[in-house]
Amino acid sequence: HEFSHIISKESSRLIALVQDTLLLTKQNIHIDKKKINLATLVEEILNTSQPLLDEKHLSLQTDIAPISQVTNRQMVHSIFENLIENAIKYNHTDGKVTVSAERKGKEVVLTIADTGNGIDETFRERIFEPFFRVDKSRSRKIGGVGLGLAMVREIVQVHDGEIEVHGNEQGGTTFEVKMSIERLTIKSQV
């Protein structure tokens with residue numbers, strides 16, 4: 001039973017790796033648009049992340065404005081999922097994760113912040129490179145191969161948006177994604 005669980009988990013990880021790699025090579029960008037509700041989408045991700053939040057005794061603060069938009073659900077899900085997962089994985093025990101989404105004029109601004117160790121300013125642009133890891137010694141313990149943030153940036157660019165990373169008052173990291181409401185309908189790259 002234990003081995004089948006490990007095999008299943010690793011199979012899922014490999015499938016995700018292949019999907020991420022295909023997305024990065026722009027071979028798997030589907031312009032499948034549906035109306036989504038950001039609050040519902042974030043709630044789904046947080047529900048699946050709850051065991052990790054509980055394990056690290058992390059508090060969670062959310063402030064998601066009622067924003068509905070026609071866009072590619074899978075892509076926007078990947079943005080939130082990767083950024084929330086990183087905010088949890090690289091956070092301190094008893095820390096905090098903050099997730100917000102708001103409409104500012106003609107933009108949607110997504111913000112995910114943590115109270116972890118932060119990212120040294122010299123690495124902040126490099127973290128978006130495929131396979132780059134700030135601390136390679138923690139890679140095996142934490143997991144992943146360094147494609148998540150590269151994929152997030154690619155998705156944001158497909159949506160004609162911007163992603164920024166900076167330190168915050170708690171010593172952690174804040175990611176801010178800005179995407180135009182009109183451009184959430186995705187520019188075609190295939």
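Residues numbered from 1 in each chain as written. Predicted model: local features only at pLDDT ≥ 70, side-chain atom pairs only at ≥ 80, totals over all residues. Heavy atoms only, no water.

(A) A look at the overall build of the protein chain. Assigned secondary structure in the protein chain consists of five helices and seven strands. Along its sequence from the N terminus, the protein chain presents helices and strands in the succession α-β-α-β-β-α-β-β-α-α-β-β. Looking at the protein chain as a whole, 41% of its 190 residues are labelled buried. Put simply, of all contacts in the protein chain between residues at least 6 apart along the chain, 73% involve residues at least 24 apart. On the protein chain, roughly 10,900 Å² of surface is accessible, and the fraction owed to carbon and sulfur atoms is 49%. (Helix = DSSP H or I, 4+ residues; strand = E, 2+ residues; numbered from the N terminus. Buried < 20%, exposed > 50% of the residue type's maximum accessible area, 1.4 Å probe, protein only. Contact = heavy atoms within 4.5 Å. Areas by Shrake-Rupley, 256 points an atom, 1.4 Å probe, with all protein chains shown as cover.)

(B) Region of interest: the pairing of strand β4 (residues 96-104). The sheet contact formed by strand β2 (residues 59-64) and β4 spans six bridges and is parallel. Directly across from Leu60, in β4, lies its bridge partner Val97. Where β4 and strand β5 (residues 107-114) come together, eight bridges link them in antiparallel fashion. Paired with Glu102 across the two strands is Val109, which belongs to β5. Count of turn residues in the β4/β5 antiparallel hairpin: two residues, of which Gly105 carries a positive phi of about 65°. (Pairing = 2+ DSSP bridges.)

(C) Just unusual backbone geometry, in detail. Phi is positive for His57, close to 55°, though the residue is something other than glycine. In this structure, His57 sits in the loop between α2 (38-55) and β2. Of note, the phi angle at Asp94 is positive, near 65°, even though the residue is not glycine. Following the sequence through the fold, Asp94 ends up in the loop between α3 (73-89) and β4. Among the residues examined, Asp94 registers a relative accessible area of 60% and is labelled exposed.

(D) Fine view of the packing of α3 against helix α5 (residues 148-158). Relative orientation of the contacting elements α3 and α5 amounts to 145°, with a least axis distance of 9 Å. When the axes of α3 and α5 are compared, the crossing they make is left-handed. Between α3, through Met75, Ser78, Ile79, Asn82, Leu83 and Asn86, and α5, the contact on the second element is made entirely by Gly148, Leu149, Met151, Val152, Ile155, Val156 and Val158. Of the residues assigned to the contact of α3 with α5, the class counts are nine nonpolar, four polar and no charged. (Axes fitted to C-alpha atoms, helices over the stretch in contact; angles between N-to-C directions. Left-handed = near helix turned anticlockwise from the far one by under 90°. Nonpolar A, V, L, I, M, F, W, Y, C, P; charged D, E, K, R; others polar.)

(E) α5, seen in detail. Of all 11 residues in α5, nine are buried; the element is thus mostly enclosed. All buried positions along α5 are accounted for by Gly148, Leu149, Ala150, Met151, Val152, Glu154, Ile155, Val156 and Val158.

(F) Focus on the packing of aromatic side chains. If you walk through the whole model with that rule in mind, you get one aromatic pair. Seen from their ring centres, Phe128 and Phe175 are 6.4 Å apart, and the 90° between their planes marks the pair as edge-to-face. A residue pair is termed long-range when its members are at least 10 positions apart, and Phe128 in the loop between β5 and α4 (139-142) and Phe175 in strand β7 (residues 173-180) qualify at 47 residues. Both residues of the pair, Phe128 and Phe175, count as buried. (Phe/Tyr/Trp six-rings, centres within 6.5 Å; stacked < 30°, edge-to-face > 60°.)

(G) Local environment of the packing of α2 against α3. Put simply, α2 and α3 touch, their axes get as near as 10 Å, and they point 35° apart. Of the two elements, α2 crosses α3, and the hand of that crossing is right-handed. Only Arg73, Val76, His77, Phe80, Glu81, Ile84 and Ile88 of α3 make contact with α2, whose side of the interface consists of Leu38, Leu41, Val42, Glu44, Ile45, Leu46, Ser49, Leu52 and Leu53. Of the residues belonging to the contact of α2 with α3, the class tally is 11 nonpolar, two polar and three charged.

(H) Region of interest: the nonpolar core. Ranked by size, the top nonpolar core spans 40 residues in total, and within it Leu38, Ile79, Phe80, Leu110 and Phe175 carry the most contacts. Within the residue set of this core, elements represented by two or more residues are α2, α3, β4, β5, α5, β6 (162-167) and β7. Setting aside anything within four residues of it in sequence, one finds Phe80 in contact with Leu38, Leu41, Val42, Ile45, Val99, Ala101, Leu110 and Ile112. (Core = buried A, V, L, I, M, F, W, Y, C linked by side-chain atoms within 4.5 Å.)

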